[in-house]
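# Structure at a glance
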Amino acid sequence: MPNDKKSVTVLSFSPSADAELNRWVLFHYGIDFKENRHTAPFYFLLNKLYGGKSLILCRVGETKLTSVRAVIDHFNAQALPEFKLIPDTLASDMEISWKRYNSDLGGAVVKWAYTNLLPYKDIMIRPLTLGSPWFERFFVKHWYRIPEKLIWKSQKLDKATADEALKTIQTIFQEVDHLLADGRKYLYGEKLTAADLAFAVSGAPLVLPANYGGDQFEQGPIPSFEEFPQELQETISAMRQTPAGKFILRLYADERYRNIRHTE
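In this report, we go over the structure that sits alongside the text. (Residues numbered from 1 in each chain as written. Predicted model: local features only at pLDDT ≥ 70, side-chain atom pairs only at ≥ 80, totals over all residues. Heavy atoms only, no water.)

## Notes on the side chain of N47
To keep it simple, the criterion reads: Per the convention used, a helix needs a DSSP run of H or I reaching at least four residues, while a strand needs a run of E reaching at least two, with both numbered from the N terminus. Only protein chains enter the calculation, and the probe is 1.4 Å; a residue is then buried if its accessible area is under 20% of its type maximum, exposed if over 50%, and partly exposed in between.
Take N47: it is sitting in helix α2 (residues 42–49). On the basis of relative accessibility, which here comes to 8%, the residue N47 falls in the buried class.

The following block contains the structure:
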């Protein structure tokens, strides 16, 4: 168990990749936490009120962690060397991978997914509101255009940008295909690292793994394959067949609900 046994609370926008990555990191390290999920625009108002700077705000006692990377760094520092998600010997590699998978891939997936799915109100209400208070779910159901326009404008979405984002996604999946070609178990050999988690979470909407979202055995804040429009189903089916796609599915099956509880 961690040295820091203070209460851990999380403010999150339920469907965001940062929220999912944060859940995985905390579970991996065996950190008990309470997550308060909200939808747009309520999350953004609360996040600003409490001094957040990203799509995740984690409090450990009086310590405020304003990004998922800050959460990783905080608990990674307490972990025994053999269980660190950012091993000291791979620090520089982790920085490169973090940018490529969390920033480049994550940003591209957000643009691709929201551009293609936001127009479908019936599909998006559940992912956008899962775990939120009842009145927020009611708001989104009856005034969907408000969160839809907020997300659309904040992400500067359009069809051309989504098409270009898909090219970025495919390029990064191909890079991971190449890494995995030598039979390694994880992206950096035989050890699970932050790179694996960042890639799996960012790429999850392209392969729709089970166990996404922190609700084991339940459908998380992501549409099911059957809910996706047919043209997107074709993309998902193709990405699932790539080595990188199969890697994400395996990580979610084998690692998503495994924790170590090994800290100094």
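Once you've had a look at it, read on.
## Observations concerning the packing of aromatic side chains
Filter applied, for reference: Note on aromatic contacts: the rings of Phe and Tyr and the six-membered ring of Trp form a pair at centre separations within 6.5 Å, being stacked when their planes are under 30 degrees apart, edge-to-face when over 60 apart, and tilted otherwise. Two thresholds decide whether a charge sits over a ring: the Lys NZ or Arg CZ must be within 6 Å of the ring centre and within 35 degrees of the ring normal.
This structure, assessed with the given rule, holds 14 aromatic pairs. With a centroid separation of 5.3 Å and 55° between ring planes, the pair formed by F173 and F199 is classed as tilted. In this pair, F173 is assigned in helix α8 (residues 159–180) and F199 in helix α9 (residues 194–203), connecting sequence segments 26 residues apart. The exposure class assigned to F173 is buried, which follows from its relative accessible area of 1%. Among the residues examined, F199 registers a relative accessible area of 0% and is labelled buried. Three or more aromatic residues joined by ring pairs make a cluster, and in this case those are F42, W134, F135, F138, F139 and W143. Above the ring of Y257, the side-chain terminus of R256 is found at 4.7 Å from the ring centroid.

## With respect to the pairing of strand β2 (residues 34–38)
Counted only if it meets this: Two strands make a pair as long as DSSP finds a minimum of two bridges between them. Crossover handedness is defined by viewing with both strands directed away from the observer: a clockwise path from the first strand over the helix to the second marks the crossover as right-handed.
Sheet analysis places strand β1 (residues 8–13) next to β2, joined by five bridges and oriented parallel. By the bridge assignment for β2, V10 is matched with E35. Considered for its hand, the β-α-β crossover made up of β1, helix α1 (residues 17–28) and β2 is right-handed.

## A look at helix α6 (residues 134–142)
Worth spelling out the cut-off: Taking the helix axis as origin, the arc is that swept by the directions to the C-beta atoms.
What α6 keeps buried is the set E136, F139 and V140. Looking straight down α6, one finds its buried side chains confined to an arc of 95°; they lie on one side.

## Considering a nonpolar patch on the surface
Here is the rule: Like charges are joined within 9 Å and nonpolar side chains (Val, Leu, Ile, Met, Phe, Trp, Tyr) within 5 Å, but only among residues with over 30% relative accessible area and no salt bridge; these make up the patches. Reported accessibility uses the Shrake-Rupley method at a 1.4 Å probe radius. Residues are deemed covered only where the shown protein chains occlude them. Whenever Lys or Arg places a side-chain nitrogen within 4 Å of a carboxyl oxygen from Asp or Glu, that contact is recorded as a salt bridge.
On the surface, a nonpolar cluster with roughly 580 Å² of combined accessible area is contributed by W134, F135, F138, W143 and I146. It is α6 that provides the largest number of residues to the nonpolar patch, a total of three residues. Mapped onto the secondary structure, W134 falls in helix α6. On the basis of relative accessible area, W134 is assigned to the exposed category, the value being 61%.

## Let's talk about the packing of α1 against α9
Keep this limit in mind: Between the N-to-C directions of two axes lies an angle of 0 to 180 degrees, each axis being a line fitted to C-alpha atoms and, for a helix, fitted only over the stretch in contact. Small angles under 35 degrees read as roughly parallel and large ones over 145 as roughly antiparallel, with 65 to 115 read as roughly perpendicular and the rest as oblique. By definition, turning the near helix anticlockwise from the far helix through less than a right angle yields a left-handed crossing, and turning it clockwise yields a right-handed one. By definition, residues are in contact when any of their heavy atoms lie within 4.5 Å.
Across the interface, α1 lies against α9 with an axial gap of 9 Å and an inter-helix angle of 140°. Considered as vectors, α1 and α9 are oriented oblique to each other. In terms of crossing hand, the pair formed by α1 and α9 is right-handed. Within the contact between the two elements, α1 uses A17, E20, L21, W24 and V25 and α9 uses L197, A198, A200 and V201.

## So, unusual backbone geometry
Residue P41 is reached from A40 by a cis peptide bond, and omega for that bond is 5°. Mapped onto the elements, P41 comes out in the loop between β2 and α2. One non-glycine residue, K156, lies in positive phi territory at about 55°. Following the sequence through the fold, K156 ends up in the loop between α7 (145–154) and α8. Accessibility expressed as a relative area gives 67% for K156, which makes it exposed.

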